[in-house]
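Residues per chain, in single letters:
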Amino acid sequence: MSPNPTEAKIKVFTSPQELSEYLNQQRRFNRSIGFVPTMGALHQGHVSLVQKAESECELVVMSIFVNPAQFNQSSDYTNYPKTLEADLLLLEKTKCEAVFCPSIEVIYPQTSKTQFSFGEIETVFEGQFRPGHFAGVGLIVSKLFNIIGPCKAYFGEKDLQQLAVIKQMVYDLNFPVEVIPCPTIREISGLAQSSRNQRLNPKELEIATTIYKVLASAKTEILGFSNVELVIDKGIQVLSEAGFKVEYLSLVDALTFSPLNSIEGKSSDSRLIVAAWLGEVRLIDNIRVL
Ligand code: AMP
């Protein structure tokens, strides 16, 4: 266990062995472990995951690790906000008891040779625009599951495709963990909270609210049986005129990520998903339609 820069109560671990020892001790008291993996630069979205974990588990562990293996652009990795002291202060206000913040060398002492591949879902949307991203996510999440051994792990619906990939991985590899999806926390403006929002200036923050406005009005139109293709074209146009470079805006099945042209006859979860660049910052969001 390493010294905590905030001098606070929360236990900060940098060594997997020390964390495992601590958690094994806790398991002897039959404490169930809830796990919240993050890359730090914490906001209320992350806190909501901790709160959900607190309500269902006796001990909550968070990891804070900016995982180089899941960044397909080195500039995105370099510019990713790293705010450990502020993160620990925020966590002090929650019931999270332990934080795992390992170094890159501890997690990747050598280049990993095991490679994850998730089939079709990895070739579309986030997978298409961020090649290698989900392989990196699979690698770090499985390492963290093995180090921590949680009963339940909490993931945000904000990263909907990541959630689908993790569920698939847990199912395929029989990880003894239950994946709990958590709803997206938004600013009053509707903007989904994101660590990347810290990189937006005040003007861009205002423009960024267009994403939710487009999603919400597209949802209303689709529920009113407007032509999905036309609704999506209009949404892309509104975003482009606001200054975004849109990578995708699409209606999909939330489980398979197959594109949908209509909601007619659809009973399971369908979502509008979007990814767009505002200047140097890439934002993603989604909204449930049915
Ligand atoms: P990140 O630190 O961005 O990798 O996110 C860590 C976890 O927090 C992931 O499961 C995200 O889906 C989740 N998360 C990020 N933003 C939000 C949000 N606005 N609301 C709910 N969960 C979120």
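Residues numbered from 1 in each chain as written. Predicted model: local features only at pLDDT ≥ 70, side-chain atom pairs only at ≥ 80, totals over all residues. Heavy atoms only, no water.

Overview of the overall build of the chain
So, point 1. Along the chain, the regular secondary structure elements total 10 helices and 9 strands.
So, point 2. Over its C-alpha atoms the chain spans a radius of gyration of 19 Å, differing by no more than 12% from the 19 Å that the globule rule assigns to 290 residues.
So, point 3. For the chain, the C-alpha atoms occupy an extent of roughly 60 × 40 × 40 Å along the three principal directions.
So, point 4. Burial analysis of the chain (290 residues in total) assigns 53% to the buried set.
So, point 5. Residue pairs in contact within the chain that sit at least 24 positions apart in sequence constitute 71% of those at least 6 positions apart.
So, point 6. Summed over its atoms, the accessible surface of the chain is roughly 14,000 Å², and 52% of this surface lies on carbon and sulfur atoms.
So, point 7. Within the chain, one finds 27 positive and 32 negative side-chain charges whose respective centroids are separated by 3 Å. (Helix = DSSP H or I, 4+ residues; strand = E, 2+ residues; numbered from the N terminus. Rg over C-alpha atoms; globule rule 2.2 N^0.38 Å. Buried < 20%, exposed > 50% of the residue type's maximum accessible area, 1.4 Å probe, protein only. Contact = heavy atoms within 4.5 Å. Areas by Shrake-Rupley, 256 points an atom, 1.4 Å probe, with all protein chains shown as cover. Lys, Arg positive; Asp, Glu negative; His and termini not counted. Charge placed at Lys NZ, Arg CZ, Asp CG, Glu CD.)

Overview of the pattern of salt bridges
So, point 1. As enumerated under the stated definition, the model contains 14 salt bridges in all.
So, point 2. One salt bridge in this structure joins Arg 271 and Glu 157, with 3.5 Å as the shortest N-O distance. Of this pair, Arg 271 sits in strand S8 (residues 270–278) while Glu 157 sits in the loop between strand S5 (152–156) and helix H8 (160–173), and the two are 114 residues apart along the sequence. Take Arg 271 and Glu 157: they sit in the same class, and that class is buried.
So, point 3. Between Arg 271 and Asp 269 there is a salt bridge, with the nearest N and O atoms lying 3.1 Å from each other.
So, point 4. Judged by relative accessible area, which is 5%, Arg 271 ranks as buried.
So, point 5. Salt bridges linked by common partners bring Asp 76, Arg 130, Arg 196 and Arg 199 together as one network. (Salt bridge = Lys/Arg side-chain N within 4 Å of Asp/Glu carboxyl O.)

A few points about the nonpolar core
So, point 1. Residues Phe 145 and Ile 148 are the most contacted members of the largest nonpolar core, which totals 45 residues.
So, point 2. Non-local contacts of Phe 145, meaning those with residues more than four positions away in its chain, are made with Phe 35, Pro 150, Ala 153, Phe 155, Ile 166, Met 169, Val 170, Phe 175 and Val 177.
So, point 3. With 26 residues, the next largest nonpolar core counts Leu 200, Leu 260, Ile 287 and Val 289 among its residues. (Core = buried A, V, L, I, M, F, W, Y, C linked by side-chain atoms within 4.5 Å.)

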